[in-house]
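Now for the letters of each chain:
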Amino acid sequence: MRARAMVQPGPGVLEEREFEVPVIGDGEALLKIEATGICGSDKTQLDGGLAKSGWSAYPVIPGHEPVGRVVEIGAEARRLWGVGEGQLVAVESVVPCQVCDRCTGGLVKFCRNRFSYGFTPTTFGSGLWGGFAEYLVLRPNTRVHPVPDGVEAEVATLFNPLGAGFDWTVRRGGTTAGDAVVVLGCGQRGLACAVAARAAGADRVVVTGLAKDRHKLEIASRLGVDATVEVDNLPDGCPDVVTAVRAALGGDADRVVDTTPHAVSAIGDAIALVRPGGVVVVAGLKGGADLSGVDADAMVLKAIDLRGVVSVEPWGYRQALRLLGSGRLPVELLHSHTVPLAAVREGIELLSRSDAVHVSVVPEVAS
Ligand SMILES: [Zn+2]
Ligand SMILES: [Zn+2]
């Protein structure tokens, strides 16, 4: 059997190629991909940024947020993963070795011998290691999560951003019932953090964004967010973002999650907004900018917990899939676009434009 895939042989290039689907080993499985989510980092990868930093190599099949159906599975994988043929699963990109000092020290996501779907060159083994393809070969130690019945694959790809929402806002941020939570930024990650805060029982949730992202702030409102603030379009007489957000929240925040890219001032705003003893989660990369202008003394004098976050623990993915299956919140509102496999590039460009919230790639039905 042959499988079509979109291969990136170098910076800025994506081309369709065919691969031979291999015989599956005892600890492996073959996944027929039904949808793969597009991530903001896919744009960086396409432009060549990830290879430059050593994260990825060429040629590569990108796509690290796959959802698909198990069509073949070895006996050992079936036993360990608890899934069988026909099951729709969400796949974690990182496959840890489970034996290095990081893995055995509880820092699995920083595994020294990690294998990653979407970043491993096609010159290794079967080559079918990326989500922008018809099939994906699942290796031993892969972490798969069953998708609840009734959730469509292209919506199930929200397991990734929603998983981050739960991981960053609830597990790392400590959001619990009755909390007042501020999420800075209304991209897919910011909206996912707001959803997680709501699901965790927060009493008040406020989300900030730019006026050009008003349609995303409207989605936030439909997902149960109490108030939204346009940081570049403040209410009349309101001197600054902190004053506007505090007014919308009705006081100090217990938790502030900063998902804004580049905006260093957002960290200063978060420190100003949080109550003494509260938690500030820093999730947005700032493009190498330093923290000049941030009030370090306030961190000390308010005894603030400042926590960085990167990627997602399995717990977050499980919460995300549970929420998707429950139908409790209309989280499918976050999914805005679906594109076919041949249009991966268009999908990646679409996500980096302001009108898209979440985009998935769906391989066309093979004739
Ligand atoms: Zn990603
Ligand atoms: Zn390891």
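Within each chain, residue numbers correspond to sequence positions counted from 1 in written order. Ligands are numbered from 1 and chains lettered from A, in the order in which they are written. This being a predicted model, a pLDDT of at least 70 is required before a residue's local features are given, and a value of 80 or more before pairs of side-chain atoms are given or counted; all residues contribute to the totals for chains, interfaces and linings. Hydrogens are left out, water is left out, and the side-chain values use all remaining heavy atoms of the structure.

## Focus on helix α1 (residues 40-47)
Of the residues making up α1, those classed as buried are D42, Q45 and L46. Looking down the long axis of α1, one finds its buried residues gathered within 100° of arc, a one-sided arrangement. Contacts are assigned to residue pairs with any non-hydrogen atoms lying within 4.5 Å of each other. Put simply, DSSP marks the helices as runs of H or I at least four residues long and the strands as runs of E at least two long, and each gets a number from the N terminus on. Buried-residue contacts for α1 involve β1 (2-10), β2 (13-20), β3 (29-37), α2 (49-52) and α13 (344-352). Relative accessibility thresholds used throughout: buried, under 20% of the residue-type maximum; exposed, over 50%; partly exposed, between the two (1.4 Å probe, protein chains only). Starting at the helix axis, one direction is taken to each C-beta atom, and the arc is that of these directions.

## Details of the coordination of the zinc ion (ligand 2)
Donor atoms (N, O, S) are those found within 2.8 Å of the metal centre, with the cutoff raised to 3.2 Å for Na, K and Ca; water is not part of the atom list, so apparent gaps in a site can occur. The protein atoms that coordinate the zinc ion (ligand 2) are C97 (SG), C100 (SG), C103 (SG) and C111 (SG), at distances spanning 2.3 to 2.4 Å. Viewed at the metal, the 4 donor atoms of the zinc ion (ligand 2) are separated by angles of 101 to 120°, and the geometry they form is tetrahedral. One chain supplies every donor for the zinc ion (ligand 2), spaced along it as C-x2-C-x2-C-x7-C. On the accessibility criterion, C111 (4% relative accessible area) is buried. Any coordination sphere not matching a tetrahedral pattern (four donors, all angles between 85 and 135 degrees) or a square planar or octahedral pattern (four or six donors, opposite donors over 155 degrees apart, other angles between 65 and 115) is reported as irregular.

## A look at the sheet that holds strand β11 (residues 204-209)
Between any two strands, at least two bridges found by DSSP are needed for them to pair. If you trace the 6 strands from one edge of the open sheet to the other, you get β12-β11-β10-β13-β14-β15, paired in parallel fashion. Looking at the sheet topology across the chains shown, the edges are occupied by β12 (227-230) and β15 (305-308). Adjacent strand axes in the sheet meet at a mean angle of 15° when their direction is disregarded. Taken together, the 5 bridges between strand β13 (residues 253-258) and strand β14 (residues 274-282) define a ladder with parallel strand orientation. The residue of β14 that forms the bridge with V257 is V281. Its contacts with the sheet put helix α9 (residues 241-249) on β10 (180-184), β11, β12 and β13, and the angle it makes with β11 is roughly 150°. Axes, fitted as lines to C-alpha atoms, cover a helix only where it is in contact. Angles between the N-to-C directions of the axes lie from 0 to 180 degrees. The sheet strands contacting helix α10 (residues 265-273) are β10, β13 and β14, and the helix crosses β14 at an angle near 150°.

## Remarks on the coordination of the zinc ion (ligand 1)
All of the protein donors around the zinc ion (ligand 1) are C39 (SG), H64 (NE2) and E65 (OE); their distances to the metal are 2.1 to 2.8 Å. Look at where the donors of the zinc ion (ligand 1) fall in the sequence and you get C-x24-H-E. Here H64 lies in the loop between α2 and β4 (66-73) and C39 lies in the loop between β3 and α1, a separation of 25 residues in the sequence. For C39, a relative accessible area of 12% puts it in the buried group.

## A look at the packing of aromatic side chains
Only the six-membered ring of Trp is used, alongside the rings of Phe and Tyr, when aromatic pairs are assigned; centres must lie within 6.5 Å, and planes under 30 degrees apart are stacked while those over 60 apart are edge-to-face, with the rest tilted. For the coordinates displayed, the defined rule picks out 6 aromatic pairs. Considering the side-chain rings of F124 and W129, the 5.8 Å spacing of their centres and the 40° angle between planes classify their relative orientation as tilted. For F124, a relative accessible area of 40% puts it in the partly exposed group. Among the residues examined, W129 registers a relative accessible area of 5% and is labelled buried. Members of the aromatic cluster, connected to one another through ring pairs, are F115, Y117, F124 and W129. For a Lys NZ or an Arg CZ to count as sitting over a ring, it must be within 6 Å of the ring centre and within 35 degrees of the ring normal. A cation over an aromatic ring shows up here: R139 above the ring of F115, its NZ or CZ 4.3 Å from the ring centre. Looking at R139, its charged tip hangs above the ring of W129, at a distance of 5.9 Å from the centre.

## Some words on unusual backbone geometry
Only a minority of non-glycine residues have a phi that is not negative, and only a minority of peptide bonds are not trans. In this structure, the amide linkage connecting Y58 to the following residue, P59, adopts the cis form with an omega of -15°. Structurally, the position occupied by P59 is in the loop between α2 and β4. Not every positive phi belongs to a glycine, and N141 is a case in point at roughly 75°. Residue position: N141 is located in the loop between β8 (135-138) and β9 (144-146).

## Topic: helix α6 (residues 159-172)
The element α6 is largely enclosed, with a buried count of 12 among its 14 residues. Among the residues of α6, those classed as buried are F159, N160, P161, L162, G163, A164, G165, F166, D167, W168, T169 and V170. In the segment just after α6, G174 is the residue with positive phi, at about 75°.

## Focus: the side chain of D258
With respect to the helices and strands, D258 occurs in strand β13. For D258, a relative accessible area of 0% corresponds to the buried category. In contact with D258, not counting residues within four places along its chain, are L184, A263, A266, I267, V281, V282, A283, G284 and K286.

## As for the pairing of β4
Relative to β4, β3 runs antiparallel, the two being bridged by 7 bridges. Opposite I33, over in β4, you have G68 as the bridge partner. Bridging between β4 and strand β5 (residues 88-91) involves 3 bridges; their strand directions are antiparallel. Across the sheet, R69 pairs through a bridge with L88, a residue of β5.

## Here we look at the packing of α9 against α10
Put simply, α9 and α10 touch, their axes get as near as 10 Å, and they point 45° apart. Taken together, α9 and α10 sit at an angle that is classed as oblique. In this structure, the crossing between α9 and α10 has a hand that is right-handed. For the pair α9 and α10, the contacting residues are V241, V242, V245 and R246 in the first and D269, A272 and L273 in the second. Residues are sorted three ways: Asp, Glu, Lys and Arg are charged, Ala, Val, Leu, Ile, Met, Phe, Trp, Tyr, Cys and Pro are nonpolar, and all the rest, Gly among them, are polar. When its residues are assigned to classes, the contact of α9 with α10 shows 5 nonpolar, no polar and 2 charged. Note on angle classes: values under 35 degrees are labelled roughly parallel, values over 145 roughly antiparallel, values of 65 to 115 roughly perpendicular, and the remainder oblique. Crossing handedness follows the turn of the near helix against the far one: under a right angle anticlockwise gives a left-handed crossing, and clockwise gives a right-handed one.

## Here's the deal with the nonpolar core
By convention a nonpolar core is built from buried Ala, Val, Leu, Ile, Met, Phe, Trp, Tyr and Cys residues, the set being connected through side-chain atoms within 4.5 Å. Counting 49 residues, the largest nonpolar core has L162, V207 and L334 as the members making the most contacts within it. If you tally residues by element for this core, the top one is helix α7 (residues 188-199), at 7 residues. Here V207 is in contact with V183, G185, C186, A194, L217, A220, V225, A227, T228 and V229, once residues within four sequence places are set aside. Counting 44 residues, the second largest nonpolar core, distinct from the first, contains L31, V89, V95 and A133.

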